[in-house]
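One letter stands for each residue in the lines below.
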Amino acid sequence: MSRRLLAVSSAAAAALLLTACGGDASSSEDAEGTTDQVGADSAAAVCSEFEPLRFSDTGVEGLETLVLEFEDFRVALEEVTGLEVEFEPMASRTAAATALQYDDLDVLLTGPAEYVVLKEEADALPLAGVTRENYKAAIFKRADSDLESVEDLEGGTLITKEVGSTSGHLGPLEMLVTAGLDPNVGDVDVVPLSDTHIEAFATGDGDALGTGISDLETIQEMMGEDAVEVLEEGPDLPNDLFIARTGLGEDCAGYLQDALVENQDVLLEAIVQTGENDKYLESEFVEAADSDYDPTRRAFEAAGFSQYADLPDEDEQ
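Note that this is a predicted model, so its numbers are computed, not measured.

Analysis parameters
Residues numbered from 1 in each chain as written. Predicted model: local features only at pLDDT ≥ 70, side-chain atom pairs only at ≥ 80, totals over all residues. Heavy atoms only, no water. Pairing = 2+ DSSP bridges. Helix = DSSP H or I, 4+ residues; strand = E, 2+ residues; numbered from the N terminus. Axes fitted to C-alpha atoms, helices over the stretch in contact; angles between N-to-C directions. Contact = heavy atoms within 4.5 Å. pLDDT = per-residue confidence, 0-100. Buried < 20%, exposed > 50% of the residue type's maximum accessible area, 1.4 Å probe, protein only. Arc of directions from axis to C-beta. Polar contact = N/O pair within 3.5 Å; in protein donor to acceptor, adjacent residues only side chain to side chain. Phe/Tyr/Trp six-rings, centres within 6.5 Å; stacked < 30°, edge-to-face > 60°. 1 Å grid on protein atoms, 1.4 Å probe; cavity = no way out; pocket = protein on both sides within 12 Å on 5 of 7 lines; lining within 4 Å. Points joined across faces, edges and corners; volume = space filled by probe spheres on them. Nonpolar A, V, L, I, M, F, W, Y, C, P; charged D, E, K, R; others polar. Right-handed = clockwise from strand over helix to strand, strands pointing away. Parallel < 35°, antiparallel > 145°, perpendicular 65-115°, else oblique. Left-handed = near helix turned anticlockwise from the far one by under 90°.

Moving on to the sheet that holds strand E9 (residues 228–236). Here we have five strands laid out as an open sheet, ordered E7-E6-E8-E5-E9, and mixed in their pairing. Unpaired on one side and paired on the other, strand E7 (189–192) and E9 mark the two borders of the sheet. Ignoring strand direction, the axes of neighbouring strands in this sheet form an average angle of 25 degrees. Against the sheet, helix H5 (residues 166–178) makes contact with strand E5 (136–142), strand E6 (157–160), E7, strand E8 (208–212) and E9, and its axis sits at roughly 80 degrees relative to E5, the strand it touches most.

This part covers the confidence of the model for the protein chain. For the protein chain, per-residue confidence averages 88 on the pLDDT scale, and residues scoring 70 or more make up 85% of the total. The low-confidence segment residues 1–21, where pLDDT is below 50, has two contacts with residues more than four positions distant or belonging to other chains. This model gives residues 31–39 a pLDDT under 50, and the stretch forms zero contacts once residues within four places in sequence are excluded.

Looking only at helix H3 (residues 93–101), the buried set comprises Arg 93, Ala 96, Ala 97, Ala 99 and Leu 100. Down the axis of H3, the buried side of the element spans an arc of 165 degrees, and every buried residue falls inside it. Buried residues along H3 sit against strand E3 (107–110), helix H4 (112–122) and strand E10 (240–244). The residue sitting at the N-terminus of H3 and contributing the capping side-chain oxygen is Ser 92; that oxygen lies 3.4 Å from the backbone nitrogen of Thr 94.

Centre-to-centre distance and the angle between the planes together describe a pair of aromatic rings. Enumeration according to the criterion identifies eight aromatic pairs in this entry. Pairing Phe 242 with Phe 285 gives two aromatic rings, centres 5.4 Å apart and planes at 80 degrees, and the pair type is edge-to-face. Here Phe 285 lies in strand E11 (residues 285–287) and Phe 242 lies in strand E10, a separation of 43 residues in the sequence. A single burial state applies to Phe 242 and to Phe 285, both of which are buried. By the ring-pair criterion, three or more aromatic residues cluster together here, those being Phe 55, Phe 70, Phe 73, Phe 87, Phe 242 and Phe 285.

Quantified by volume, the second largest pocket comes out at close to 150 Å³. As for the second largest pocket, its lining consists of 15 residues, of which Glu 174, Pro 235, Leu 237, Pro 238 and Pro 295 are closest to the centre. Tallying contributions element by element places H5 first for the lining of the second largest pocket, with five residues. Taken together, the residues that form the lining of the second largest pocket break down as eight nonpolar, four polar and three charged.

Bridge count between E6 and E7: four bridges; the pairing is parallel. Looking at E7, one finds that Leu 158 is bridged to Val 190. Between E6 and its parallel partner E7, the chain crosses via H5, and the hand of that crossover is right-handed. Here E6 runs beside E8; their pairing, made up of three bridges, is parallel. Residue pairing in the sheet places Ile 159 in a bridge with Leu 209 of E8.

A few words now on the packing of helix H2 (residues 63–81) against helix H9 (residues 264–272). With their axes 7 Å apart at the nearest point, H2 and H9 run at an angle of 160 degrees to one another. When the interaxial angle is binned, H2 and H9 end up roughly antiparallel. The way H2 lies across H9 gives a crossing that is right-handed. Touching Glu 69, Phe 70, Asp 72, Phe 73, Ala 76, Leu 77 and Val 80 of H2 are Val 266, Leu 267, Ala 270 and Ile 271, all from H9. In the contact of H2 with H9, the residues fall into nine nonpolar, no polar and two charged.

This is how it looks when you write it as structure tokens:
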């Protein structure tokens, strides 16, 4: 064979080899893509028998408001899970507990205090926590007060927000407990008020005010910037969280948990872009465990609600 013919034959063989390899790679990629899709479809299938999944938020009352605040999120959740999702408005925490118990609600966004009650009443499953920037309780004092620490409140009066508010009532109570004070035996007289707690403190009521640290600016505007001081700032409060009814089962709950955490950028953007949920502007979705909410349980007990479900609901106050 001539050198010219040998070179041509070698080139042809190489081309055939490259073509074969390229075909194998393409087939491998196609197979991998198919496998991934089958895996995703199989994972979604564990929840498909419960479609449409019914979603709500305990902080939102009425279908119209739920649509206004969460329609973009509902659509995004459908896209990332491959499941049909519809709204199921809840008028109160009590209504949500009943709906979870009787399979009328599947997924719920709620706060720490509500979760503690819903876990006790309906054995709700934690899916994913939603962090909140600067979500802390604080105890404030007047600038001319002799108080130097939370311990100094013994025998005094602490004004708080309404019963059950995580940052405005339960958080400050947990701070009392940490300081060794027990309101249940009269160490501190705790006076929960509704929307007038800041005004009452500003006009001279109580020795200190327990509320969210984010209320500092409002307090300063009402009292004067130099008239109030932070006696103590509490630790980060437990996260808001998505929960599921126990009837969905661990496999479906696990699939939803993964979908929330792995697609959090898209889902969070959908929540905040309406402008109605600014508290979640700097949030993240994180894994949630029931033990994360033990500080809230201690606060319940400090408030005199050792049976967590006895905490008054908003429609009972």
